[in-house]
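# An overview of the molecular structure
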There are 2 protein chains.
Amino acid sequence: MTTFLDRLFDAGLLFETGVDGLYGRSGAFEDVIAAFERLIDRTGGTDGAEAIRFPPGMNRAFFEKSGYMKSFPQLAGTVHSFCGNELDHISLLKCMDAEEDWTKEQKATDIVLTPAACYPLYPTIAKRGPLPATGALFDLQSYCFRHEPSTDPARQQLFRMREYVCMGTESHVTDFRQLWMDRGTAMMQAVGLPVEIDVANDPFFGRAGKMLANNQRDQNLKFELLIPITSTEKPTACMSFNYHQDAFGTKWGLTLDNGAVAHTACVGFGLERIALALFHHHGLDVKTWPEAVRQTLWG
Amino acid sequence: MTTFLDRLFDAGLLFETGVDGLYGRSGAFEDVIAAFERLIDRTGGTDGAEAIRFPPGMNRAFFEKSGYMKSFPQLAGTVHSFCGNELDHISLLKCMDAEEDWTKEQKATDIVLTPAACYPLYPTIAKRGPLPATGALFDLQSYCFRHEPSTDPARQQLFRMREYVCMGTESHVTDFRQLWMDRGTAMMQAVGLPVEIDVANDPFFGRAGKMLANNQRDQNLKFELLIPITSTEKPTACMSFNYHQDAFGTKWGLTLDNGAVAHTACVGFGLERIALALFHHHGLDVKTWPEAVRQTLWG
């Protein structure tokens, strides 16, 4: 059976690398992502967000403090390097020649791959001091890493996430979240994609994680915008809408200028997933996409 | 003393992350990189290169075969993950709570951070079979990792490299390299940057590495386009021009359609370095840059 992933390879839109969930992208694939990002810019551009672009790795100390290893230890990627001397190097090369495991001697660096585009933001903004009473809004994008090898092209290990992050009072950030749930739904309709919004099911690790997942659901802390890509029964989360209450404000020391702890919320676009949804629904050749969709993306 | 890095932080162009060589970028910084990439597009756009964008990580098996660990083991970054069960997870969290080293239990994944944008390309293209007699040309860009923490902003651990890679006969690829040495010089002059071209001094590891470095120099295999940024005596390599002879063709099985082993060459732009050179020479506020430079970048 020819899968959607096979068809993406055959059409030259993605390139195999020999690792599940790690693919090269063609120019045509990138053009779709760039066009969708311009649609995001047009939709959110007048909100006055401050644009920051972090690289795909973050400070390990901040990552540790974030608590990610409590919830999703299996997904994180730490970056390790060779830190030995010349004799160690000779042993390393012998080990590699013998095709034995040479990676055990690698030592952790200060860098961890970014798990979501907004992780490096909170400590960066906390350093600036109290937020203005009107809150603050940020526009982020970066490659993110999740160690979950899969042959589902909509579940890649390295993928790009575009995010808006809002900090302020509870009503300020929950209004922001609702605004983007409405905008996201309208954007997907404008590019001809069927959407459904539901509470999220994050893959918290282990039995203890089930409680965290139940809590997240019961409090409606995270919603997802779902679009069928590789399965109709289990549509893919192409956007997410998170309300963190004051959890990040407390953890990172984000305060408002009246001294109150800031609430935060973020909305994220899974850029590869959205591109894949477009290719799945409209075909692998962008020239044959419905004129209205082409007009929205490239008009 | 206020360093150039301090001034970049103070101007809000780069953001500290607490790790040397790992910085967030402002929207204004990104606009300069985007503008310079458009200049690259205009310069090389009619050559008919195939655009491919690889993510910032590559297949570890290909990385191992590349020989990078022989030459630059200290610079590589392998990606490691938690692969344990629930009991292991409890131990991990105890270890983190006690502020002990929890990273030893991380296991190497199949992914290594990309050391240069073209590393994933060669095995990808070899799989297609023989190259046409007219050769092949590729346009790449990705974040790359080098583990060399430094307070020199022109030496970052995660940075973007734009590359063109040419495969074909010896004269084909050496002509390509010369063309880009001329183009690169003209491009830098068009944006008001003083340039000098010299043979490269790559940081090969250890005493054995000195021989590799001497060989590289003696054979003129690699040139660099240098621009003073943080030092006048030691200007920074902002472009490099590599002729690999048939080394990569032989290693990866790249052949021409007459059966000959392909020669390869690549030219790379260090995008952050070029942006930093522009900020260093023309000032930290792009609005005050010389009109001719602004015209070339944003005309």
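It should be emphasised that the depicted structure is a prediction, and the values quoted were computed from it without experimental measurement. Going along each chain's sequence as written, the residues are numbered from 1 onward. Each chain is given a letter, starting from A, and each ligand a number, starting from 1, according to the order in which they appear as written. Whole-chain, interface and lining totals are the exception, using all residues; otherwise, since this is a predicted model, local features are given only for residues with pLDDT of at least 70 and side-chain atom pairs are given and counted only at 80 or more. The side-chain values count all of the structure's non-hydrogen atoms but skip hydrogen atoms and water molecules.

### Regarding the sheet that holds strand β2 (residues 23-26) of chain B
The strands that make up a sheet pair up through hydrogen bonds in the backbone, lying either parallel or antiparallel. Filter applied, for reference: The rule for pairing is simple: two strands pair if DSSP sees at least two bridges between them. The helix count covers DSSP runs of H or I at least four residues long, the strand count covers runs of E at least two residues long, and both are numbered beginning at the N terminus. Structural elements are reduced to axes, namely lines fitted to C-alpha atoms, with helices fitted over the stretch in contact, and the angle between N-to-C directions of any two is expressed from 0 to 180 degrees. Residues count as neighbours in contact if any of their non-hydrogen atoms are within 4.5 Å of one another.
Sheet architecture is open: nine strands sit in the order β9(A)-β10(A)-β11(A)-β12(A)-β8(A)-β7(A)-β3(A)-β2(B)-β1(B), paired in mixed fashion. The sheet is open, and its two edges are formed by β9 (196-199) of chain A together with β1 (14-16) of chain B, each paired on a single side. On average, each strand axis in the sheet is inclined to that of its neighbour by 25 degrees, with strand direction left out of account. Summarising the sheet, β9 of chain A and strand β10 (residues 222-227) of chain A pair through four bridges and their orientation is antiparallel. Note on β10 of chain A: the bridge partner recorded for E196 of chain A is L226 of chain A. Strands in contact with helix α2 (residues 27-44) of chain B are β3 (50-53) of chain A together with β1 and β2 of chain B; relative to β2 of chain B, the strand with the most contacts, it is inclined by about 80 degrees.

### What to know about the packing of aromatic side chains
Under the convention used in this document: Each Phe, Tyr or Trp ring, with Trp reduced to its six-membered ring, pairs with another whose centre is within 6.5 Å; inter-plane angles below 30 degrees give stacked pairs, above 60 give edge-to-face pairs, and intermediate values give tilted ones. When accessible area is computed with a 1.4 Å probe and restricted to protein chains, residues below 20% of their type maximum are described as buried, those above 50% as exposed, and intermediate ones as partly exposed. Comment: the charge-over-ring label is applied if NZ (Lys) or CZ (Arg) is within 6 Å of the ring centre and within 35 degrees of the ring normal.
As enumerated under the stated definition, the model contains 28 aromatic pairs over all chains in all. On the basis of an interplanar angle of 80 degrees and a centroid distance of 5.8 Å, the ring pair of F62 of chain B and W252 of chain B is categorised as edge-to-face. Of the two residues, F62 of chain B sits in helix α3 (residues 60-66) while W252 of chain B sits in helix α9 (residues 247-252), which places them 190 residues apart along the sequence. The exposure class assigned to F62 of chain B is partly exposed, which follows from its relative accessible area of 26%. Between Y68 of chain B and F72 of chain B, the ring centres sit 5.3 Å apart and the planes meet at 50 degrees, which makes this aromatic pair tilted. Judged on exposure class, the residue Y68 of chain B and its partner F72 of chain B are both buried. Clustering of aromatic rings is evident, with ring pairs tying together F63, Y68, F72, Y119 and F204 of chain A. Positioned above the aromatic ring of W180 of chain B, the side-chain terminus of R183 of chain B is 4.7 Å from the ring centre.

### Focus on the domain arrangement of chain A
Residues and elements named next belong to chain A. Selection criterion: Delimitation of the domains relies on an automatic or database domain assignment. Summed over both partners, the accessible area lost on bringing two parts together, with a 1.4 Å probe, is the buried area. Take a side-chain nitrogen of Lys or Arg and a carboxyl oxygen of Asp or Glu: if they are within 4 Å of each other, that pair is a salt bridge. Pairs of N or O atoms within 3.5 Å make up the polar contacts considered here, provided that, within protein, one atom can donate a hydrogen while the other can accept it, and that residues adjacent in sequence are counted only when both atoms are side-chain atoms.
Domain boundaries in chain A define domain 1 (4-77 + 115-298) and domain 2 (80-112). Placing the centre of domain 1 and that of domain 2 at their C-alpha centroids yields a distance of 35 Å. Counting residues at the interface gives seven residues for domain 1 and five residues for domain 2. Carbon and sulfur atoms make up 54% of the area that domain 1 and domain 2 hide from each other, which totals about 500 Å². The three residues of domain 1 that bury the most area against domain 2 are M58, R60 and G77, which together make up 72% of that side's buried surface. Taken together, the connections running from domain 1 to domain 2 amount to zero salt bridges. Inspection of the region where domain 1 meets domain 2 yields three residue pairs in polar contact (both at pLDDT 80 or more). Per-element tally for the side of domain 1 that touches domain 2: the top contributor is strand β4 (residues 57-59), with three residues.

### Comments concerning the packing of α2 of chain B against helix α10 (residues 271-282) of chain B
All names here are of chain B. Filter applied, for reference: Relative orientations are named as follows: roughly parallel for angles under 35 degrees, roughly antiparallel for angles over 145 degrees, roughly perpendicular for angles from 65 to 115 degrees, and oblique for any other angle. Three residue categories are used. Nonpolar comprises Ala, Val, Leu, Ile, Met, Phe, Trp, Tyr, Cys and Pro, charged comprises Asp, Glu, Lys and Arg, and polar comprises the others, including Gly.
Put simply, α2 and α10 touch, their axes get as near as 9 Å, and they point 110 degrees apart. Comparing the axis directions of α2 and α10 gives the class roughly perpendicular. Residues A28, F29, V32, I33, F36, E37 and I40 of α2 touch α10, and the partners they reach there are L271, E272, I274, A275, L276, L278 and F279. Of the residues that constitute the contact of α2 with α10, the class distribution is 12 nonpolar, no polar and two charged.

### As for the sheet that holds strand β11 (residues 236-243) of chain B
Sheet architecture is open: nine strands sit in the order β1(A)-β2(A)-β3(B)-β7(B)-β8(B)-β12(B)-β11(B)-β10(B)-β9(B), paired in mixed fashion. Each edge of the sheet is formed by a strand with only one pairing partner; in this case those strands are β1 (14-16) of chain A together with β9 (196-199) of chain B. Between one strand axis and the next, the sheet turns by 25 degrees as a mean value, whatever way the strands run. Sitting on the sheet, α10 of chain B touches β7 (136-145), β8 (158-168), β10 (222-227), β11 and β12 (263-270) of chain B, and the angle it makes with β12 of chain B is about 40 degrees.

### Details of the pattern of salt bridges
This model, assessed by the stated rule, comprises 30 salt bridges over all chains. Of the charged contacts, one joins E272 of chain A and R25 of chain A as a salt bridge, the two residues approaching to 3.0 Å between their closest N and O atoms. Within this pair, whereas E272 of chain A is found in helix α10 (residues 271-282), its partner R25 of chain A is found in strand β2 (residues 23-26), the two being separated by 247 residues in sequence. Between R160 of chain B and E30 of chain B there is a salt bridge, and its shortest N-O distance comes to 2.8 Å. Note that R160 of chain B is positioned in strand β8 and E30 of chain B in helix α2, a separation of 130 residues in sequence. Taking the relative accessible area as the measure of exposure, R160 of chain B reaches 9% and is therefore buried. What you see here is one network of salt bridges that share partners, running through E37, D41, R53, D139 and R162 of chain A.

### Remarks on the side chain of R162 of chain A
Residues and elements named next belong to chain A. Relative to the assigned elements, R162 resides in strand β8 (residues 158-168). A polar atom in the side chain of R162 sits 2.6 Å from the side chain of D41. Side-chain polar atoms of R162 contact the side chain of D139, separated by 3.0 Å. If near-sequence neighbours (up to four positions away) are discounted, R162 is found in contact with E37, I40, D41, R53, D139, L140, Q141, V267, G268, F269 and L271.

### Quick notes on the confidence of the model for chain A
We count it as follows: Per residue, pLDDT measures the predictor's confidence, with a range of 0 to 100.
Residues at a pLDDT of 70 or more form 100% of chain A, whose mean pLDDT is 97. Across the interfaces of the predicted complex, the ipTM metric reaches 0.97, alongside a pTM of 0.97.

### Description of the pairing of β11 of chain B
Residue and element names in this part refer to chain B. β11 sits mainly inside the fold: eight of its eight residues count as buried. With six bridges joining them, β10 and β11 adopt antiparallel strand pairing. Residue pairing in the sheet places L226 in a bridge with A237 of β11. Two strands pair when backbone bridges link them, and β11 and β12 are joined in this way by five bridges, in the antiparallel orientation.

### Concerning the relation of the copies chain A and chain B
Short version of the rule: The atoms used to superpose the copies are C-alpha atoms, taken from residues with pLDDT of at least 70 in both, and the fit is least squares.
Superposing chain A onto chain B takes a rotation of 180 degrees plus a shift of 0.0 Å along the axis, which leaves an RMSD of 0.0 Å. Both chain copies can therefore be described as sitting about a two-fold axis. When C-alpha distances to the rotation axis are compared across chain A, the minimum falls at V79 of chain A, with a value of 2.4 Å. Interface overlap between copies: 100% of the residues of chain A at the interface are likewise at the interface in chain B, consistent with a symmetric, same-surface contact.

### Thoughts on the environment of S240 of chain A
Residues and elements named next belong to chain A. Residue placement: S240 occurs in strand β11 (residues 236-243). Look at S240 and you get buried, because its relative accessible area is 16%. For the pair S240 and K222, spaced 18 residues apart in the sequence, the C-alpha separation amounts to 6.9 Å. For S240, the residues in contact, after removing those within four places along its chain, are K222, F223, E224, C266, V267 and G268. One polar contact links S240 to N242, side chain to side chain, over a distance of 3.4 Å.

### Examining the interface of chain A and chain B
Many structure descriptions define interface size as the accessible area lost when the parts assemble. Each partner contributes to the interface: chain A provides 63 residues, whereas chain B provides 63 residues. In this assembly, chain A packs against chain B so that about 5100 Å² is buried in total across both faces, 68% of it on carbon and sulfur atoms. Taken together, chain A and chain B are joined by four salt bridges. The tally of links between chain A and chain B comes to 19 residue pairs in polar contact (both at pLDDT 80 or more). Across the side of chain A that touches chain B, the residue classes break down as 28 nonpolar, 22 polar and 13 charged.

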